[in-house]
Amino acid sequence: MLRVLVFLFLSFTFVLSSFAQSVKISGWVTNRQGEAVDMATVEERNADGKILSSCISDPKGHFMMQISPVDSFALTISCLGYKDYSRKEQGRKDTYIEAVLDSDAFELGEVTVRSKMPVIHREVDRMVLNAERLNSTANTVLDVLKRAPGVIVQDDDISMLNKGKLVFLMNGRELKMDTKGLITYLKSLPSGSLQKIEIMTTPPAKYTAEGDAGVINFVTKKLKNNFIGGFVSNVLSVKEHTYDDPSISLQYKYNKVEAYVTVGGGMGKMQYDGLRTIDYPAETWSTTERRIKSNDYIMATSGIDYALTSHSTLGAIFAFNNMRPDADRTADTQVRSSSQEITRDFETLTNYDSNYNRYNANIHYTDNQFVKNGMMDFNIDYVNYHIDDEVNLQTTHDEGLNYLNRPRTLIRIFQAKADLENNLGKVKLSYGAAYSRSKTRSTTNYEYISSHEDLNDDFIYREDILAVYADMRWKLSDHWDFKLGLRGEYGRLDGNSVKLQQRTVKHQFDLFPTAFLEYSWNDSKSLYLSVTSRINRPVYADINPFTTYTDAHTITTGNPELLPEKSYSSELGYTWDDFTISGSMLFRKRVISAYTYVDAASKLTINTVDNMMKNRMYSLDASYYFDKVSWFDWSTDLSLYTLVSRPTQGYDLPRVTNTAVYAYTNVNVFFDHQKNFSANIWGQYESKQKDVTGESPATYRMDIGLKYMLFHKKLSIGIAGQNLLASHSKSIVRSSATKYVYDYKPYRVFKLTLTYRFGKDLNMKSKHFGISNDRL
C-alpha cells in the first residue's frame, strides 16, 4: 500500500512540474536618502486592481517574485511611513526595478489612491478577511475574530457553523494548543499585529483530512526592527462565584532575532446548574445537578526565530499548560410514581481533583529559495500530556454506591511535516509529506468500590498516520483560477485492553481528492466551486472500553469496535464586496455519535458511542458585513439547512428529516468620531435540531457590552453581560418507551475587561550597511 501511495504522489508531481515557465520580477527599494527599505510590500496587479502575486523586501531592500507571463501589469510598492509607489511594467521578460519611495511629507506623482478594500476577498480555496476593516474597536486578535463573518466566538469556544474541530494556523503554521490555551494566546496578541484572516471552509489537500474541519489562518504583519513591546490583559468574571483570567505578552525584534513570550493564568471558581429527567412508563426520575469547578491554571508560550540568511529562517516554539480543574458535583435524585409520590431519594456527591500538564515543542525551518522559484517549510513537533485525577464518589440515603478512583492518562505525540512550493508561471505546485505517531495509555486504579466490581483497567492506544499530498493551482487567465489536489493517508490504529486481553488493529488507506474553481470579475466579485472528501477517525476516549459510574444508575463506556467516519462535500458560492452567499451539500457515512440507552427494567442509563447513522445535509448560507456609516457597523450570518439522517443496520431507530435555521448578528455602535467609546450587541438563534439519536429545542442568546479606549487606544476598559437574554440548553433522547431530558440553565455572567498595549523602539544601531531604522 505504501508503494502505491508513493507512486501516485511522484506521478502527480512529475506531471504538474512540466507546466509553463514564469517571469522573474526583482529589484531594490530605497528611500530618498539612499537607505534600503525593509518589509516593503511589492504587488503585481491586473487591470482591475486584483492582486495576482506579492512579496516582501528583505533587510537590504531587495525583492524577487515569479509571475505568469502577461502583456503588462501594475507594480505597486507600499510601506509604513512612505507614499505608495506604482508603475506599469511589461510582463513577458525578466525585469529588474529600482524603486525610490518618498515619505508621507512629499508629493509623489505616481501615488496610487485605492478605494477602501472590502472586508471579504475571495481566493480560489479560501475566504480572506481584511483585518484592518475589522479592527476599529478591537484590542486583541480574539476581538477581531469575533467580528469575522462565519466564525462564532462565545465563552471558551470557537466554532464555525456545521463544522467539527477547527484547525488554527499562525502564518501557515499549526497552533498545537487546546482550546483554553488557544483563547488565552489570542487574547494576549494585540489586534494591530494582524494583517488578515484566512478562512477555509473546504481545506485543500495540504491540510490533514481528519475531521469535518475548517481551517483558520492568522496572517500577522511584520514586526518592525529594533522594537520591544507587549500587551497586558485581565478579564474579571462575576456570577455566583468570581474568577479571573490575567495574561501578558512580550514581543522583541532586533536585526536577525525575533522572539515572543506569552504567559496567562486563572483563579477563582465557576458554577454550572442543570436538570436531568427520565420518564419511565410508571415513574419519573429527576436529578438536580450543581457543579462548582476551579478556574486554576497557568500557561506559557514562547517562540524565537533567527534569520540565517535573507531567505531562510530557523525557529522554535515551546508551550506549557498546567490546569487544575478540580470540581465538586452535587446531584440530588428523586423518584416519583405516576401519582407524584416520592418513592426513592438519594444524593450523589462527587469530588474531582485533577492535575493536567501539557508540554509541546516545535522546531521549524523555512527557506524561500530552497527550490527554484519556490520555498520549503519543515516542522517537527512533540506533544506530551500527563493527566492525574482523583475521583471520590459518595452516595447517600436510598443508594449505597461509593468509590475512590485514581485514573491516569499519558499521551505522547510525535509529528514531522515537510511542505514545498514551486511557482511555475501560470501553475503553482505545492506538495509535501507528513508523519504522526501517538501513544495513549489510560489506567484506572480503584482503591475501593462498594459494589466490589473489578473496574480496574489498562488501555493502550497507538496511532500511526503517514500522508503525502500534492496541490496544483493553475491561473488560467485574469478571471479563471483552478486548483486540484490529492492527499493520500495510510493509518494504523491499534487499541489494546490489557485487562480484557482484547487487541484491535486496523489498517486503512484512503485517497482524498479536492478541487476548486473560481471565476472573478475583480478583486471583490467572484463565483467559486469546491469539492472535497474527509475522514473522522475515532479518538482514544471513544474507543476506550472502561466503564465509569457517574452515579448509582448511570454509566459511561467506550466502544473499541468504532469505525472511521467518511464525508464528502461540495460548495457553490458567490461573493460581492462584503456579501457572500453559498449552497453546499454534505454526505456522511458511519457517523460517530454519542448514544444514550436507558434500560427500563434495571433503571440503568448507559452513555456510549457508536457508528449510529448516515446522513445528508443541504445548506444555504449567507453572510454580510456593513460599515458604510462612521457610527455603526454590523455583521450577520444566516443559514437554512436540512438534515436527513438514517440509522445504521442493527438500530431500531426512526428515520428523521429536519429543516433548521441559524442566525447570528454582531452590532457595534460608536458614540464618538474616533470610535473610542462603543457599544456591542451580539446575538444568535438556532431552531430545533433533530436526528436519529435525539433532538434539541430551539435556543437563543444575546450579549451586550460597552468599551472605552484611552491614550490613543492603548488602554481599553470594557464591561459586558453574557447570556443576558438566553434560553435553556436542552437535549432529548427517546429509548423505547423511555424519555431522557438534559436541561442546562444559561450561564449568565458579568465581565470586566482591562487591556493595555505598550512598546518602545530600541536605540540600537544596526551593524548592517545601508539599513536605517529611523522611520521605524
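Residues numbered from 1 in each chain as written. Predicted model: local features only at pLDDT ≥ 70, side-chain atom pairs only at ≥ 80, totals over all residues. Heavy atoms only, no water.

Student: A description of the overall build of the protein should follow, citing residues and the corresponding values.
Tutor: Secondary structure summary: the protein contains 4 helices and 47 strands in total. The C-alpha radius of gyration computed for the protein amounts to 28 Å, which stays within 12% of the reference 28 Å derived for 776 residues, consistent with globular compactness. Judged by the C-alpha coordinates and their principal axes, the protein covers about 90 × 60 × 45 Å. Across the 776 residues in the protein, those meeting the buried criterion constitute 50%. Contacts in the protein between residues at least 24 apart in sequence constitute 64% of all its contacts with a sequence separation of at least 6. In the structure as shown, the protein presents an accessible area of about 35700 Å², 57% of it carried by carbon and sulfur atoms. Computed over 92 positive and 91 negative side-chain charges, the separation of the two mean positions in the protein equals 4 Å. (Helix = DSSP H or I, 4+ residues; strand = E, 2+ residues; numbered from the N terminus. Rg over C-alpha atoms; globule rule 2.2 N^0.38 Å. Buried < 20%, exposed > 50% of the residue type's maximum accessible area, 1.4 Å probe, protein only. Contact = heavy atoms within 4.5 Å. Areas by Shrake-Rupley, 256 points an atom, 1.4 Å probe, with all protein chains shown as cover. Lys, Arg positive; Asp, Glu negative; His and termini not counted. Charge placed at Lys NZ, Arg CZ, Asp CG, Glu CD.)

Student: Tell me about the sheet that holds strand β8 (residues 120-123), and please be specific about residues and values.
Tutor: Working definition: the strands of a sheet are paired by backbone hydrogen bonds and lie parallel or antiparallel to each other. With mixed pairing, the 6 strands of this open sheet are ordered in space as β8-β9-β14-β15-β12-β13. Only two strands of the sheet have a single partner each, and these edge strands are β8 and β13 (173-174). In this sheet, strand β15 (residues 215-220) lies alongside strand β12 (residues 167-170) in parallel orientation, the contact comprising 4 bridges. Looking at β15, one finds that Phe 168 is bridged to Ile 216. (Pairing = 2+ DSSP bridges.)

Student: Give me the lowdown on the environment of Asn 423, citing residues and values where you can.
Tutor: Looking at the element boundaries, Asn 423 is found in strand β26 (residues 408-424). Sequence separation of Asn 423 and Met 323 is 100 residues, and the distance between their C-alpha atoms is 45 Å.

Student: An account of the sheet that holds strand β4 (residues 62-67) is requested, with residue identities and associated values reported.
Tutor: Read from one edge of the open sheet, 3 strands run β4-β1-β7, paired in mixed fashion. Every other strand in the sheet has two partners, leaving β4 and β7 (95-101) as the edge strands with one partner each. In this sheet, adjacent strand axes meet at a mean angle of 25° when their direction is disregarded. Sheet topology note: the strand β1 (residues 23-31)/β7 ladder contains 7 bridges and is parallel. What sits directly across from Asn 31, in β7, is Leu 101. (Axes fitted to C-alpha atoms, helices over the stretch in contact; angles between N-to-C directions.)

Student: Break down the nonpolar core for me, with residues and values.
Tutor: Grouped together as the largest cluster of nonpolar side chains are 31 residues, with contacts concentrated most on Leu 145, Ile 158, Leu 186, Ile 216 and Phe 218. Among the elements of the structure, β9 (126-130), α2 (141-146), β10 (151-154), β11 (157-160), β12, α3 (179-187), β14 (194-200) and β15 are those that each provide at least two residues to this core. Sequence-distant contacts of Ile 216, defined by excluding residues within four places in its chain, comprise Leu 145, Val 151, Met 160, Leu 166, Val 167, Phe 168, Leu 169, Ile 197, Glu 198 and Ile 199. The next biggest cluster of nonpolar side chains, apart from the first, holds 20 residues, and it includes Val 23, Ala 40, Tyr 85 and Ile 97. (Core = buried A, V, L, I, M, F, W, Y, C linked by side-chain atoms within 4.5 Å.)

Student: Account for the pairing of strand β33 (residues 547-551), naming residues and giving values.
Tutor: As paired strands, β33 and strand β34 (residues 554-557) are joined by 4 bridges and run antiparallel to one another. Residue pairing in the sheet places Thr 548 in a bridge with Thr 556 of β34. The turn linking β33 back onto β34 is made up of 2 residues.

Student: Give a description of the pairing of strand β5 (residues 70-78) that names residues and reports values.
Tutor: Looking at chain direction, strand β2 (residues 41-45) and β5 are connected through 5 bridges and run antiparallel. Residue pairing across strands places Glu 44 opposite Leu 75, the latter belonging to β5. Here β5 runs beside strand β6 (residues 85-91); their pairing, made up of 7 bridges, is antiparallel. The residue of β6 that forms the bridge with Leu 75 is Arg 87.

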